[in-house]
Amino acid sequence: MAGTGYFAAVKIAAEKHPRLREKTIQYGTAGFRTKGEELDHVMFRMGVLAALRSQLKRAVIGAMITASHNPEEDNGVKLVDPLGEMLEAAWEKLATKLANVSDSDLPAVLSDIVSSCGIDTAVPAQVFLARDTRPSSPSLAQAIIDGVQAIKGEVKDYGILTTPQLHFMVRCENSQGQYGSQTENGYYTKLSNAFLKLRGHEHQNERYHPQLRLDGANGVGALKIKEMQKHLNNSLQIELFNDGSSGKLNYMCGADYVKVQQTAPNGMPKEARVRCASFDGDADRIVYFYQEKNGTFKLLDGDKIATLVAGYLKELVNSSGLNINLGLVQTAYANGSSTSYITNELQVPVACVPTGVKHLHHKALEYDIGVYFEANGHGTVVFSEKIQDMVLMAANDSSLSKDQEHAARRLLWIIGLINQTVGDAISDLLLVETILHSKGWSIEDWNDAYTDLPNRQLKVKVKDRTVIQTTDAERKTTSPKGLQEAIDALVEKYPDGRAFVRPSGTEDIVRVYAEAETQKNADMLAHEVSVEVYNLAGGVGEKPTPPQ
Ligand code: G16
């Protein structure tokens, strides 16, 4: 067990990273997230915590410095567990506690964590560290390094990576290389090998064109897709916009902007019928879009990606003749039309869980093949160990029919193409391109599978967003009093109406979602619900204004 000297050393190291603000900070939907200038002490403490978790798990833990879709001046940290998944929920609470204690109480709280979790502090600790391209990231990385080293842990600093690349490295290391090699080159090689095999064995249909325009959100995804392209042997030509050479990170560009504003990003040509995609700031989300001939903007978001992927995997599973159960996981943001399509047309079971990849990921693990996507474009596919072994055997089983063997082989390559640890914009891009190529589909063919219900998302600023409490996978509110009844009454007025509200875990706002039969009604419903939130949940600033 750790002696008093152990915590005294942390206390001395912490003097370089004092807690200068009284403001409480929470480990939210995906880690801590706020203004970069408020995070130095939080990063130091998360360095210590990551090292302690590494000792507990006797495995490498990841720390990713990013604020993903948030504005450039924000920053944050996401901790990565041994299999490359998000930090376990029980430790989110410890993280919040540790981030908020006074400097003088730090040793005592650490001592509590060590004894209550039964951590052997003699075990060597190792933390993998990476950061996105924000100006505040290098100094925050140093704070994490200081935290890890304060308890004599070791840091492997990858410098700039996408969030999913860091998740990948952690999984590779902890699986002793079985998942891949824990280098950037290992990542590109694994994914591109699978992509090229899948591409090489299919005829190209003329409605699929291997050209794509990509909005890099002026972030790390732009840098890394350039690297990936070098491995694709020109089989996919990606024209990159918002590559960070001039524009500002996530400013009027990026997947979140495109999804929420339902418009093309700035800095990209507006040409009809051209397939385009958009990454978010740390490249863990992707959405597709195009303009119709008449200029109408069409968004193919996470729901459209989920249905494309689930439909294709179902076809492969059926053709392979393997006995595999496939399921899909969504959140309340999933468009009502997508849920009907999955249930009635694809006949794939669908589950709904609260927002946050951690929730979707865990639910998806209940299936042999679990596809999960949030409407905002964050998602992936997970395959159980049993199914991966079964597919590997079938792909090499000459007693199967040619069609069965072919389907099993494609499934095997698809497993290699997917970053199963977390949503990965680069891997998802390659997956979507593979499926469209295989089907010979244009983006319009893909979009035609079903028609989204018109929808609108709004944000409302309130004094304290925690006054909003939700239940039923965030589809209903239980507090403040009267809010759910007010939402129900508004929804009643609109055909195909649906609406919900929830506090964001990444921004200091309440999110409002509404869908209805027409765009005008969806806009009106979202506005009316916003007004109720403003009135009943302590709105601050200007009252929501009606849609134009
Ligand atoms: C994170 C989470 C996502 C979540 C998003 C928005 O994404 O990983 O699961 O959907 O935040 O969360 P909220 O609505 O609570 O603000 P990212 O890409 O920003 O890290």
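Since the structure is predicted, the reported quantities are computational estimates derived from the model, not experimental observations.

Let's talk about the site of the ligand
Taken together, 20 residues lie around the ligand, and Thr29, His69, Glu374, Ser504 and Thr506 are the ones closest in. Between the ligand and Arg33, the relevant distance is 2.8 Å, taken from an oxygen atom to a side-chain nitrogen or oxygen of the residue. The contact in question runs from an oxygen atom of the ligand to an N or O atom on the backbone of Val357, over 3.0 Å. Notes on the ligand: free accessible area 460 Å², of which the protein chains cover 98%. Looking at side-chain class alone, the shell around the ligand contains two nonpolar, ten polar and eight charged residues.

Quick notes on helix 10 (residues 302–320)
For helix 10, with 19 residues, the first-to-last C-alpha span of 26 Å sits near the 27 Å given by 1.5 Å per residue. A large share of helix 10 lies buried, amounting to 15 of its 19 residues. Regarding helix 10, its N-cap is Asp301, as a side-chain oxygen of that residue lies 3.1 Å from the backbone nitrogen of Asp303 further along. Backbone geometry just downstream of helix 10 places Gly321 in the positive-phi region, at approximately 75 degrees.

With respect to the packing of aromatic side chains
One pass over the full model with this rule turns up eleven aromatic pairs. Here the aromatic rings of Phe128 and Tyr158 are separated by 5.3 Å at their centres, their planes lie at 70 degrees, and the arrangement is edge-to-face. In this pair, Phe128 sits in strand 4 (residues 126–131) while Tyr158 sits in strand 5 (residues 154–160), placing the two residues 30 residues apart along the sequence. Each of the two residues, Phe128 as well as Tyr158, counts as buried. Their ring planes at 90 degrees and their centres at 5.9 Å tell us that Tyr333 and Tyr513 sit as a pair that is edge-to-face. With a gap of 180 residues between them, Tyr333 in the loop between strand 11 (326–330) and helix 11 (336–346) and Tyr513 in strand 19 (residues 510–515) connect regions that are remote in the sequence. Each of the two residues, Tyr333 as well as Tyr513, counts as buried.

Section: the sheet that holds strand 6 (residues 211–215)
Taking strand neighbours across the sheet as the criterion, the five strands line up as 7-6-8-9-10 in an open arrangement whose pairing is mixed. Whereas interior strands pair on both sides, the edge strands pair on one side only; in this sheet they are strand 7 (237–241) and strand 10 (297–300). Going across the sheet, the axis of each strand differs from the next one's by a mean of 30 degrees, ignoring polarity. Bridging between strand 6 and strand 8 (residues 276–279) involves three bridges; their strand directions are parallel.

Examining the sheet that holds strand 13 (residues 369–373)
Taken in spatial order, the four strands of this open sheet run 12-11-13-14, and their pairing is mixed. With partners counted over all chains shown, the strands left at the sheet margins are strand 12 (350–352) and strand 14 (379–383), one partner each. Ignoring strand direction, the axes of neighbouring strands in this sheet form an average angle of 20 degrees. Inspection of the sheet shows strand 11 paired to strand 13 by four bridges, in the parallel sense. The residue of strand 13 that forms the bridge with Val329 is Tyr372.

With respect to the nonpolar core
In terms of nonpolar packing, the biggest core is built from 79 residues, with Tyr288 and Leu429 touching the most fellow members. At nine residues, the largest contribution of residues to this core is made by helix 10. Val42, Val48, Leu79 and Val127 belong to the second largest nonpolar core, which has 46 residues in total.

With respect to the pairing of strand 7
Across five bridges, the pairing between strand 6 and strand 7 is parallel. Its bridge partner lying in strand 7, Asp215 is registered against Phe241. Chirality of the crossover, the property in question, places the unit of strand 6, helix 8 (residues 220–229) and strand 7 among those that are right-handed.

A word on the pattern of salt bridges
With the rule as written, the count across this model stands at 35 salt bridges. Among the ionic pairs, Lys35 bridges to Asp74, the shortest N-O distance being 2.8 Å. Here Lys35 is found in strand 1 (residues 32–35), whereas its partner Asp74 is found in strand 3 (residues 74–80), with 39 residues between them in sequence. Of the residues examined, Lys35 reaches a relative accessible area of 33% and is grouped as partly exposed. Its relative accessible area of 8% is what places Asp74 among the buried residues. Across the pair Arg53 and Glu88 runs a salt bridge whose closest N-O atoms are separated by 3.1 Å. Placement of Arg53 in helix 2 (residues 40–57) and of Glu88 in the loop between strand 3 and helix 3 (89–100) is noted, with a sequence separation of 35 residues between them. According to the relative accessible area criterion, Arg53 is buried, its value standing at 2%.

Examining the domain arrangement of the protein chain
Here the protein chain is partitioned into domain 1 (4–160), domain 2 (187–300), domain 3 (303–429) and domain 4 (455–536). A separation of 34 Å is found between the C-alpha centroids of domain 1 and domain 4. The interface is formed by five residues belonging to domain 1 together with five residues belonging to domain 4. Considering only the surface of domain 1 that becomes buried against domain 4, Thr29, Arg33 and His69 emerge as the three largest contributors, covering 73% of it. Taken together, domain 1 and domain 4 are joined by three residue pairs in polar contact (both at pLDDT 80 or more). Grouping the amino acids of the side of domain 1 that touches domain 4 by side-chain chemistry returns no nonpolar, four polar and one charged.

About the criteria used
- Here, residues in each chain are numbered from 1, in the same order as that chain's written sequence.
- Whole-chain, interface and lining totals are the exception, using all residues; otherwise, since this is a predicted model, local features are given only for residues with pLDDT of at least 70 and side-chain atom pairs are given and counted only at 80 or more.
- With hydrogens and water excluded, all non-hydrogen atoms of the structure serve as input to the side-chain values.
- Nearness of a residue to a molecule or strand requires only that one of the residue's heavy atoms be within 4 Å of it.
- In protein, a polar contact requires one atom able to donate a hydrogen and another able to accept it; more generally it is a pair of N or O atoms within 3.5 Å, and residues adjacent in sequence count only if both atoms are side-chain atoms.
- Per-residue accessibility takes into account occlusion by the displayed protein chains alone, with areas from the Shrake-Rupley method and a 1.4 Å probe.
- Side-chain classes are defined by residue name, with Ala, Val, Leu, Ile, Met, Phe, Trp, Tyr, Cys and Pro counting as nonpolar, Asp, Glu, Lys and Arg as charged, and the others, Gly among them, as polar.
- Secondary structure elements are defined from DSSP: runs of H or I of at least 4 residues count as helices, runs of E of at least 2 residues count as strands, and each element is numbered from the N terminus.
- The span one expects for a helix is its residue count, reduced by one, times 1.5 Å.
- Each residue gets one of three labels from its accessible area relative to the maximum for its type: buried under 20%, exposed over 50%, partly exposed in between, using a 1.4 Å probe on protein chains only.
- Under the pairing criterion, centres of Phe, Tyr and Trp rings, with the six-membered ring standing for Trp, must be within 6.5 Å; the plane angle then separates stacked pairs below 30 degrees from edge-to-face pairs above 60, leaving the rest tilted.
- Two strands make a pair as long as DSSP finds a minimum of two bridges between them.
- Every angle, taken between N-to-C directions, lies between 0 and 180 degrees, and every axis is a line fitted to C-alpha atoms, over only the stretch in contact when it is a helix.
- What we call a nonpolar core is a set of buried Ala, Val, Leu, Ile, Met, Phe, Trp, Tyr and Cys residues that are connected through their side-chain atoms within 4.5 Å.
- By the criterion used throughout, a crossover qualifies as right-handed when its path from the first strand across the helix to the second strand runs clockwise, the strands pointing away from the viewer.
- One side-chain nitrogen of Lys or Arg within 4 Å of one carboxyl oxygen of Asp or Glu is enough to make a salt bridge.
- The domain boundaries here were taken from an automatic or database domain assignment.
- Any two residues having at least one pair of non-hydrogen atoms within 4.5 Å are treated as being in contact.
- Buried area adds together the accessible area that both of two parts lose upon being put together, with accessible area traced by a 1.4 Å probe.

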